[in-house]
Amino acid sequence: MFHNKLDLHNCLSKYGQSSKSIGLVPTMGALHHGHLSLVNFGLNDNDFVVVSIFVNPTQFNNVEDLKKYPRTLERDVKLLKTVAEEEIIVYAPTVEDIYADNVTSKTFTFGGLENEMEGAFRPGHFDGVGTIVKRLLEIVKPQKAYFGQKDFQQLQIVKKLVEIHKIPTEIVGCPIFRADDGLAMSSRNERLTSKHRAAAPFIFKTLKSAKLKFGTESALKVTEWVTKQFENNNLLELEYFLIADVETLKPVKRKSTKKTYRAFIAAYAGDIRLIDNIALN
Ligand code: AMP
């Protein structure tokens with residue numbers, strides 16, 4: 001494991017000399033099987049995988065969320081060792097290693113993608129994401145980098161980031177990994193009370209029903225239906241439900257068979273904010 005880019009570079013240059021391919025899996029740690037699925041995609045495609053573990057302060061718009069974000073580095077490293085011993089390199093930088101003495105975001109535009117959904121509800125979030133992902137891609141210089149569809153807007157934004165900044169890394173989107181009861185795995189799930197954990201699969205259940213309804217009904221009707229379901233649920237509070245075009249992430253007004261849509265939810269279970277999404281067509 002490396003805590004600074006100099007040590008990481010020393011290690012990477014050894015691999016680089018023998019022209020081996022590098023995959024990057026950026027994470028904020030508190031690893032779960034969703035993260036491991038990304039690592040496995042990376043290992044299938046590359047000679048080795050750099051897993052970065054860094055709770056990036058600039059992408060948190062909520063100080064409490066940053067403070068309470070689970071940090072379990074030792075356990076994370078052990079978990080990664082169960083996947084592969086030799087082919088995984090852990091890069092867990094300090095804040096100084098990434099930001100020196102200036103812990104601020106750069107400002108980005110991503111063709112408008114940054115203004116929708118998470119961008120609207122979490123001001124500054126995607127500037128923080130853009131800053132850290134660009135930095136990690138510059139440091140690691142991977143051939144491919146792996147991102148989960150769990151954070152679908154982030155995935156689209158990172159694709160835009162490499163396009164705009166001409167970064168020679170292929171961005172690979174990976175499917176959402178779920179618990180047996182359907183809840184999308186997330187590091188934040190660890191902080192749910194047992195009551196809220198039991199209630200949380202409702203989110204995916206509602207997304208699946210919304211998908212069925214979208215086959216025959218308008219986006220507006222489906223949205224009204226979903227809103228009502230959450231109104232009747234006193235453990236989960238809906239922040240937004242949206243059916244959007246995957247390219248622009250703008251809410252669908254009139255359905256077109258030529259476009260691809262996804263439904264997105266953000267909801268609070270107590271003070272834990274959960275997000276999920278589903279492909280509709
Ligand atoms: P995080 O540590 O939450 O920032 O996530 C790091 C990466 O893992 C991101 O690309 C996430 O989209 C991805 N990820 C997190 N949870 C899941 C999941 N349940 N299934 C697939 N990918 C995930």
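Above this text you will find the structure in question.
Residues numbered from 1 in each chain as written. Predicted model: local features only at pLDDT ≥ 70, side-chain atom pairs only at ≥ 80, totals over all residues. Heavy atoms only, no water.

1. A look at the site of the ligand
- In the neighbourhood of the ligand, 17 residues make up the surrounding shell, with His35, Gly148, Asp151, Phe177 and Met185 lying closest.
- At 2.9 Å, a backbone N or O of methionine 28 approaches an oxygen atom of the ligand.
- A distance of 2.9 Å separates a nitrogen atom of the ligand from a polar backbone atom of methionine 185.
- With the chains in place, 94% of the 490 Å² that the ligand exposes on its own is no longer accessible.
- Elements represented by at least two residues in the shell around the ligand include exactly strand S1 (22-27), helix H2 (33-45) and strand S4 (144-148). (Near = heavy atom within 4 Å. Polar contact = N/O pair within 3.5 Å; in protein donor to acceptor, adjacent residues only side chain to side chain. Areas by Shrake-Rupley, 256 points an atom, 1.4 Å probe, with all protein chains shown as cover. Helix = DSSP H or I, 4+ residues; strand = E, 2+ residues; numbered from the N terminus.)

2. Brief notes about the packing of helix H10 (residues 202-214) against helix H11 (residues 219-231)
- Packing of H10 against H11 brings their axes to within 10 Å, and their N-to-C directions diverge by 155°. The orientation of H10 with respect to H11, classified from their angle, is roughly antiparallel. In this structure, the crossing between H10 and H11 has a hand that is right-handed. Every residue of H11 that contacts H10 at Phe202, Ile203, Thr206, Ser209, Ala210, Lys213 and Phe214 is listed here: Ala219, Val222, Trp225, Val226, Gln229 and Phe230. (Axes fitted to C-alpha atoms, helices over the stretch in contact; angles between N-to-C directions. Parallel < 35°, antiparallel > 145°, perpendicular 65-115°, else oblique. Left-handed = near helix turned anticlockwise from the far one by under 90°. Contact = heavy atoms within 4.5 Å.)

3. Focus: the layout of surface pockets
- Reported here for the second largest pocket is a volume of approximately 210 Å³.
- Contributing to the lining of the second largest pocket are Ile98, Tyr99, Asn102, Thr104, Ser105, Lys106, Phe108, Thr131, Lys134, Arg135, Glu138 and His165.
- Within the residue set of the lining of the second largest pocket, elements represented by two or more residues are helix H5 (95-99) and helix H7 (125-140).
- Ranked by residues supplied to the lining of the second largest pocket, first place goes to H7 with four residues. (1 Å grid on protein atoms, 1.4 Å probe; cavity = no way out; pocket = protein on both sides within 12 Å on 5 of 7 lines; lining within 4 Å. Points joined across faces, edges and corners; volume = space filled by probe spheres on them.)

4. A word on the pattern of salt bridges
- Throughout the structure, instances matching the rule amount to 15 salt bridges.
- Taking the shortest distance from any N to any O, the salt bridge between arginine 135 and glutamate 138 comes out at 3.4 Å. Taken together, the residues arginine 135 and glutamate 138, both in helix H7 and three residues apart, mark about one turn of the helix.
- Residue arginine 135 is classed as partly exposed on the basis of its relative accessible area of 26%.
- For lysine 144, the salt bridge identified is with glutamate 170, shortest N-O distance 4.0 Å. Of this pair, lysine 144 sits in strand S4 while glutamate 170 sits in strand S5 (residues 170-174); the two residues are 26 residues apart in sequence, bridging distant segments of the chain.
- Using a relative accessible area of 22% as the deciding quantity, one classes lysine 144 as partly exposed.
- What makes glutamate 170 partly exposed here is its relative accessible area of 43%.
- Each of Asp45, Lys144 and Glu170 takes part in one network of salt bridges that share partners. (Salt bridge = Lys/Arg side-chain N within 4 Å of Asp/Glu carboxyl O. Buried < 20%, exposed > 50% of the residue type's maximum accessible area, 1.4 Å probe, protein only.)

5. Brief notes about the sheet that holds S1
- In spatial order, the strands read S3-S2-S1-S4-S5; together these five strands make up an open sheet with parallel pairing. Strand pairing shows two members of the sheet lacking a second neighbour, strand S3 (88-91) and S5, which therefore form its edges. Looking at each pair of strands side by side, their axes are set apart by 25° on average, direction ignored.
- Bridge analysis of S1 against S4 gives two bridges, and the strand direction is parallel. (Pairing = 2+ DSSP bridges.)

6. Details of the packing of aromatic side chains
- Under the definition given, this model contains seven aromatic pairs.
- Centre to centre, the rings of phenylalanine 108 and phenylalanine 110 are 5.5 Å apart; their planes meet at 10°, and the pair counts as stacked. Phenylalanine 110 carries the same exposure label as phenylalanine 108, and that label is buried.
- Their ring planes at 80° and their centres at 5.1 Å tell us that phenylalanine 202 and phenylalanine 230 sit as a pair that is edge-to-face. Placement of phenylalanine 202 in helix H10 and of phenylalanine 230 in helix H11 is noted, with a sequence separation of 28 residues between them. Like phenylalanine 202, the residue phenylalanine 230 is buried in the burial classification.
- Positioned above the aromatic ring of phenylalanine 204, the side-chain terminus of arginine 178 is 3.5 Å from the ring centre.
- The side chain of lysine 255 reaches across the aromatic face of phenylalanine 214, ending 4.3 Å from its centre. (Phe/Tyr/Trp six-rings, centres within 6.5 Å; stacked < 30°, edge-to-face > 60°. Lys NZ or Arg CZ within 6 Å of the ring centre and 35° of its normal.)

By themselves, these figures tell us nothing about what the structure is for.
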